[in-house]
Every structure is written in C-alpha cells, then in structure tokens.
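# Architecture at a glance
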Amino acid sequence: MVQAKTWVLKQHFEGFPKHTDFELKLEQLSEPRDGEVLLEAVFLSVDPYMRPFSRVRMQAGDVMIGTQVAKVIQSNSPSFPVGCHVVGRCGWRTHTVSNGSDITKILDDWPQDVSLSHALGAIGMPGLTALYGLEEVCAIKSGETLLVNAAAGAVGSVAGQIAKLKGCKVVGSAGSDDKVAYLKELGFDQAFNYKTVPSLEEALKNASPEGYDCYFENVGGPFSSVAIPQMKTFGRIAVCGGISLYNDTTPQTGPYPHLQMIFKQLKMEGFLVGRWEHKNVESLKRMLTWVQEGKLKCKEHVTVGFENMPAAFMGMLRGENIGKAIVKV
C-alpha cells in the first residue's frame, strides 16, 4: 500500500493566500484495480487560475486543484504501461490512483533533450492558452500589433513569441526590469516595467503610437481601463486572466469600457483553453516543433520539494517567477 502526501485547502482564501490556508496530509492509497494505474508525481504546476477556481470549484478540505507530470509506477491498464509519463489533473499530491479518465499520455515522440516539465508550460496548457487566444479568439494576422500584459509569465511570454512568429509587432508589459530584459531577449519589439513608468497611458502610446489591433489580457483592473482606449477600430481582446483582481476582498469598480467598445467596435471575449481540446494533439506538436527549432523559448522558475507547494504558489501570485512556475518533487 502506497502513502500519498497531499496539500489540502484548509480554508478558503480571504485576500492573498497564507501558509495557514493549507494543510499537508497523508493518504493511504488502495491497490490499483483492473483498468487503473498508480502514478508518482515528477513535476507539479502552480498557476494563477488556481486562486479564483479554488473559490468556485473547491470546498474546504479538498486537495488543491492542479496538474502534474507523473510516471506510471504500477499499471492494470494497457493504455498506460509502467514507465510511461502522463499529464494528469491529479491536484497537489505525490501519488494518485487513476482510472485513466483524468490523464493524458505525453506525446510519444517527445524528445529526450526537452524536459518533461515543459508539458506543464509552453508545450502544455499555458502554451495552448496562448496559441488559442491568438488564433481562435483574436484571429491575429501578420502585420498587426499585439499588446500583452503579464508578458513574462507562462502564458504571456509564449503569446508574444507566437505573435512574432506570425509577423506581428509585439508590445509587452511586465513588473520588473529583469522581466523586461527577458522580453527583449525573446524578441518583443517594445517592453516596459509598468511599476516604474511615470504614466501607463504614455508608455502604451510611446510603444505603439498607432494603437493596438489585438490585446492579450492577463491582468484586468486599472491596466485594462488604460489599455482599451488605445485599441484600434475593430480591435480584438482575448481575456485570458485578471490576476490583479484575484485576491481582492472588495470588488474593484470602473472606469467602464462600454463607450470605447461601441465607438471603436471592439470585440472582447473571455475564453477557457478546454474549448479547443479537440485540437490539442496537433497544436502540441506544432509547439514542440517550434521549441526544437529554437523559435519558441521556454524559461522555468523551478522550486524543489513537494513540501514547498504553497510557497511556490504564493510566490507565483506575487510575480516572483519569470516564465513557468514549476515544483520538482
């Protein structure tokens, strides 16, 4: 019998998460039955969505939601032989018994020189989010100008690089000088530190005086209020996240974008990556090819130790990571 370590949500977050909101527990797992497999976590993901989703999809006492790369260490399923690796929606746990419904085998032709952790980043959910936000929601075209905020994060950094591959001008906003330097390394045409510019409005105007065709929104709040008036007529906004709102105890209020959206005939659409799940295999192969060709760079911020899951999660929410935040067991 295997003993799993799990991190549970002891109580719902009020404001910014605290260490006392989490509890480390041990769980005895039964032997896998026919059709089931026993998984051992190798890498775990911490992502911004966990903060708002915990409120609507979890109860106090539940294991924290999340995705991991895991190795099959015992199998009663021909679909998942011992030794293969999977991406699973297993939550914050070291071991899991799965019937296969919540796991997906990593691509068979995954190259040995690419870390499996990237299946949680650029060649995984964040990369797909960037791809679908640009292609499906924004329908971005060569020659257009894209604005990305939280641009040094797991999704934003990939979105900017894909837009460059498509022949676009890309402007990125990030929260430190190191992050801005990273965006310039990635080939962003313009990048600035929104925390230190005298005026966000002027920074956006200087970066693209002609305005923006597309806006990949990860932040929300006051940034959005300043950015939307600088969209071009018929501009498209893909609303991926709103991290500036996630830890609010009192909802933020206006300014409201309605008049700008009417006068400029803007399209603003929220989306979840699962809408295009039927395209994932082909899309992941495209992303993997870009990585192998050196066209898509994936930076990771790795925290070692399952016991450090809460610290890694809170650090990610504070913006301590450049690229994808990962925990290595």
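Up top is the structure these notes are about.
Notes on the structure in this doc start here. These numbers were taken from a predicted model, which means no experiment stands behind them.

## Considerations on the overall build of the chain
Tallying secondary structure elements over the chain gives nine helices and 15 strands in all. The globule rule puts the C-alpha radius of gyration for 329 residues at 20 Å, and the 20 Å found for the chain is close to it. The proportion of buried residues among the 329 residues of the chain is 51%. Long-range pairs, those at least 24 residues apart, make up 67% of the contacts in the chain between residues at least 6 apart in sequence. Accessible surface computed for the chain: about 15000 Å², of which carbon and sulfur atoms make up 52%.

## A closer look at the sheet that holds strand β11 (residues 212–217)
Read across the sheet, six strands follow the order β10-β9-β8-β11-β12-β13 without closing on themselves; strand pairing throughout is parallel. With one partner strand each, in any of the chains shown, β10 (190–193) and β13 (267–270) form the two edges of the open sheet. Averaged over all pairs of adjacent strands, the angle between strand axes in this sheet comes to 15°, irrespective of strand direction. Against the sheet, helix α2 (residues 125–138) makes contact with β8 (145–148), β11, β12 (231–239) and β13, and its axis sits at roughly 140° relative to β11, the strand it touches most. Taken strand by strand, helix α4 (residues 177–186) contacts β9 (169–174) and β10, and its axis lies near 175° from that of β10.

## Digging into the pattern of salt bridges
A complete count under the given rule lists 20 salt bridges for this structure. For E144, the salt bridge is made with K141, and the minimal N-O distance between the two is 3.5 Å. Overall, the relative accessible area of 47% leaves K141 in the partly exposed class. What you see here is one network of salt bridges that share partners, running through E135, K166, E282 and R286.

## A look at the packing of aromatic side chains
Using the criterion set out here, one finds 10 aromatic pairs in the structure. Taken together, a centroid distance of 6.4 Å and an interplanar angle of 35° make the contact between Y215 and F223 tilted. Of the residues examined, Y215 reaches a relative accessible area of 0% and is grouped as buried. When its relative accessible area of 7% is taken as the criterion, F223 is described as buried. For the ring pair F216 and F271, a centre distance of 6.2 Å and an interplane angle of 85° mean the geometry is edge-to-face. Here F271 lies in the loop between β13 and α8 (280–292) and F216 lies in strand β11, a separation of 55 residues in the sequence. The exposure classification of F216 matches that of F271, with both residues buried. Through successive ring pairs, a cluster of aromatic residues spans F13, F22, W92 and F313.

Conventions adopted
All chains use their own residue numbering, which begins from 1 and follows the written sequence. In view of the model being predicted, local features appear only for residues whose pLDDT reaches at least 70, and side-chain atom pairs are presented and counted only at 80 or more, with totals across whole chains, interfaces and linings using the full set of residues. The side-chain figures draw on all heavy atoms in the structure; neither hydrogens nor water molecules are used. For the purposes of this entry, the term helix denotes a DSSP run of H or I that reaches at least four residues, the term strand denotes a run of E that reaches at least two, and both are numbered from the N terminus. The quantity called the radius of gyration is restricted to C-alpha atoms. Its globule counterpart is 2.2 Å times the number of residues to the power 0.38. Note on classification: 1.4 Å probe, protein chains only; a residue is buried when its accessible area is under 20% of the maximum for its type, exposed when over 50%, partly exposed between these limits. We call two residues contacting when some pair of their heavy atoms lies within 4.5 Å. Throughout, the Shrake-Rupley method with a 1.4 Å probe supplies accessible areas, and for residues the shown protein chains are the sole cover considered. Pairing between strands is defined by DSSP: at least two bridges between them are needed. Axis definition: a line fitted to C-alpha atoms, limited for helices to the stretch in contact. Angles are taken between N-to-C directions and run from 0 to 180 degrees. Criterion for a salt bridge: a side-chain nitrogen of Lys or Arg within 4 Å of a carboxyl oxygen of Asp or Glu. Stacked, edge-to-face and tilted labels apply to pairs of Phe, Tyr and Trp rings (six-membered ring for Trp) whose centres lie within 6.5 Å, assigned for plane angles under 30 degrees, over 60, and everything in between, in that order.

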